[in-house]
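An overview of the molecular structure
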Amino acid sequence: MSHWIFTEEHKMFRKSVQKYLEKELSPYVEEWEKAGRIPGSFYEQLSKMGYIGISSPEEYGGNHADLVTEAVFLEELGKYGTGGIAASISYHLMSLALLSSFGSEEQKRNDLSKAISGEKIATLALHELAVGSKELKDTELRAVQDGDDYLLNGKKKFVINGGSSDFICVTAITDPSKGLDGTSLFIIDRESSHVTIDRKIKKLGWRASETVDLSFNNVKVSKDAVVGEVNEANSYLEKSTQWFQVIQALLSIGVAEKSLEDTIRYSKERKQFGKTINHFQVLQHKMADMAVELEKSRNLTYRALYLLNEGEDAAVESAMAKAFAGEMVKQVADSAVQIHGGMGYMMETPVQRYWRDARGMSIIGGTTEQLHGMISKFLETGPARKDAEYSKSL
Ligand SMILES: Cc1cc2nc3c(=O)[nH]c(=O)nc-3n(C[C@H](O)[C@H](O)[C@H](O)COP(=O)(O)OP(=O)(O)OC[C@H]3O[C@@H](n4cnc5c(N)ncnc54)[C@H](O)[C@@H]3O)c2cc1C
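Residues numbered from 1 in each chain as written. Predicted model: local features only at pLDDT ≥ 70, side-chain atom pairs only at ≥ 80, totals over all residues. Heavy atoms only, no water.

Let's shift gears to the domain arrangement of the protein. When the domains of the protein are assigned, the result is domain 1 (8-116), domain 2 (122-232) and domain 3 (234-387). If you average the C-alpha positions of domain 1 and of domain 3, the two centres end up 20 Å apart. Residue-level contacts link 24 residues of domain 1 with 27 residues of domain 3. With both sides pooled, the region where domain 1 packs onto domain 3 buries about 2200 Å², and carbon together with sulfur makes up 68% of that total. In this assembly, domain 1 and domain 3 are joined by 2 salt bridges. The residue Glu-30 makes a salt bridge to Arg-353 at a minimum N-O spacing of 3.1 Å. At the junction of domain 1 with domain 3, the criterion picks out 7 residue pairs in polar contact (both at pLDDT 80 or more). Contributing elements (two or more residues each) for the side of domain 1 that touches domain 3: helix H2 (29-35) and helix H4 (67-102). (Domains from an automatic or database assignment. Contact = heavy atoms within 4.5 Å. Buried area = accessible area lost by both parts, 1.4 Å probe. Salt bridge = Lys/Arg side-chain N within 4 Å of Asp/Glu carboxyl O. Polar contact = N/O pair within 3.5 Å; in protein donor to acceptor, adjacent residues only side chain to side chain. Helix = DSSP H or I, 4+ residues; strand = E, 2+ residues; numbered from the N terminus.)

Encoded structure:
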């Protein structure tokens, strides 16, 4: 993809990622979708290629590259792995990002380094602490201090990698009187802490990402399991959310790229009325629309990525990027199914999967409506970054 944000090095990296994923991932996508999970060995393979922990510190096995390099990998992962595989890997990577930024030295040596090497699989269980919500519900996970330990009780919903992960980064309420500012982030060894799986969930899409509901019944963890400071989870998540939203936008872009690519190819093969269907102007325009929407999404996302890579605040831009990409990919994947005609509706044709995977993109990790709510709040209160364009109109 040609865009000013990418240097020659990024472009070369993209080519090598594409080559690798085409050979080592594409042939297995259907198998892993059917199995409902991806094999642990794939994390190790990705790690050997240097694709896990791209922007993580070198002393823990990362490559300490810039976020743009990591973004190149994520976009291609979205394209070749579409929803499910990309989701599993990205939740692993988001957990790494939290540990890299806020973990203790011991957590980095023990967990971060093993997650980067692919020995351990990580995930993030936040749900019930919805972005933007300031209400505490009775069902939210609570952690009560008991001497040098914490006892956790409650549930987490819809946890990707929840059944296959070695450790879970989980938010729990440690001070109910403070609302969201009374939540802490814990890193929990799933098996030894006896976190139980309530149910495995069947989903419309993202099928290769094993998704479960988890129960914490008197789960005892040492106070060393707190990531960073007690009661700081909300501030850590606020800082990390911008990158997480960009990650999710990149995955949507990847799925949309694949949808368009397959559609262009099919339109050159399928003949109707004596000519291939790419000669029908109505379909040409539909494909042009797909390309324009995709390009708009790329520009919004790369803008947010640029700011984050420069160490700038991108709260509005990353929310816009995720919101737009989540809607864009549904539209693009839907057009892909339409242009494939009857074949697009058949389970043997990959576009049906892109369409199912695309549907989750405007929900998971914050719905479009929640994101629009955040954007409008930023418009009212003004930006953290003084030179943001929209501030000029306030
Ligand atoms: C397949 C899948 C995997 C997931 N994996 C994970 C995971 O690994 N870890 C994790 O932590 N979470 C995970 N989630 C949770 C996901 O992030 C939430 O489902 C998502 O944030 C939406 O929250 P909700 O389901 O509670 O919807 P609700 O909040 O109940 O939303 C219902 C409706 O109300 C609207 N709404 C809600 N709040 C507002 C608002 N403030 N303003 C306007 N409209 C609003 C929504 O847009 C939506 O239309 C996963 C979800 C799915 C479907």
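From this point, the narrative continues.
As annotated in UniProt, the feature "domain: Acyl-CoA dehydrogenase/oxidase C-terminal" (unreviewed entry) corresponds to residues 248-378 in the numbering used here. Between the first and last C-alpha atoms of residues 248-378 the distance is 20 Å; the span itself is 75% helix and 3% strand. (UniProt positions renumbered as here; feature names shortened; annotations may be inferred.)

The next point concerns the pairing of strand S5 (residues 183-189). With 6 of its 7 residues buried, S5 lies for the most part within the structure. Here 7 bridges tie strand S4 (residues 167-173) to S5, and the two strands are oriented antiparallel to one another. Among the inter-strand pairings, Ala-172 is bridged to a residue of S5, identified as Ser-184. Pairing geometry for S5 and strand S8 (residues 226-227), over 2 bridges, is antiparallel. Paired with Leu-185 across the two strands is Val-227, which belongs to S8. (Buried < 20%, exposed > 50% of the residue type's maximum accessible area, 1.4 Å probe, protein only. Pairing = 2+ DSSP bridges.)

Our next topic: the environment of Ile-173. Looking at the secondary structure, you find Ile-173 in strand S4. By relative accessible area, which is 3% here, Ile-173 ends up buried. Along the primary structure Ile-173 and Thr-263 are separated by 90 residues, whereas in three dimensions their C-alpha atoms are 47 Å apart.

Once that is clear, we can look at the site of the ligand. In the vicinity of the ligand lie 16 residues, with Leu-126, His-127, Phe-158, Thr-367 and Glu-369 positioned nearest. At a separation of 2.9 Å, an oxygen atom of the ligand approaches a polar backbone atom of Gly-365. For the ligand, whose free accessible area comes to 980 Å², the fraction covered by protein is 62%. Listing elements by their share of the shell around the ligand, those giving two or more residues are strand S1 (122-125), strand S3 (149-160) and helix H10 (368-381). In terms of residue class, the shell around the ligand is made up of 9 nonpolar, 5 polar and 2 charged. Two domains each donate at least three residues to the shell around the ligand, and these are domain 2 (122-232) and domain 3 (234-387). (Near = heavy atom within 4 Å. Areas by Shrake-Rupley, 256 points an atom, 1.4 Å probe, with all protein chains shown as cover. Nonpolar A, V, L, I, M, F, W, Y, C, P; charged D, E, K, R; others polar.)

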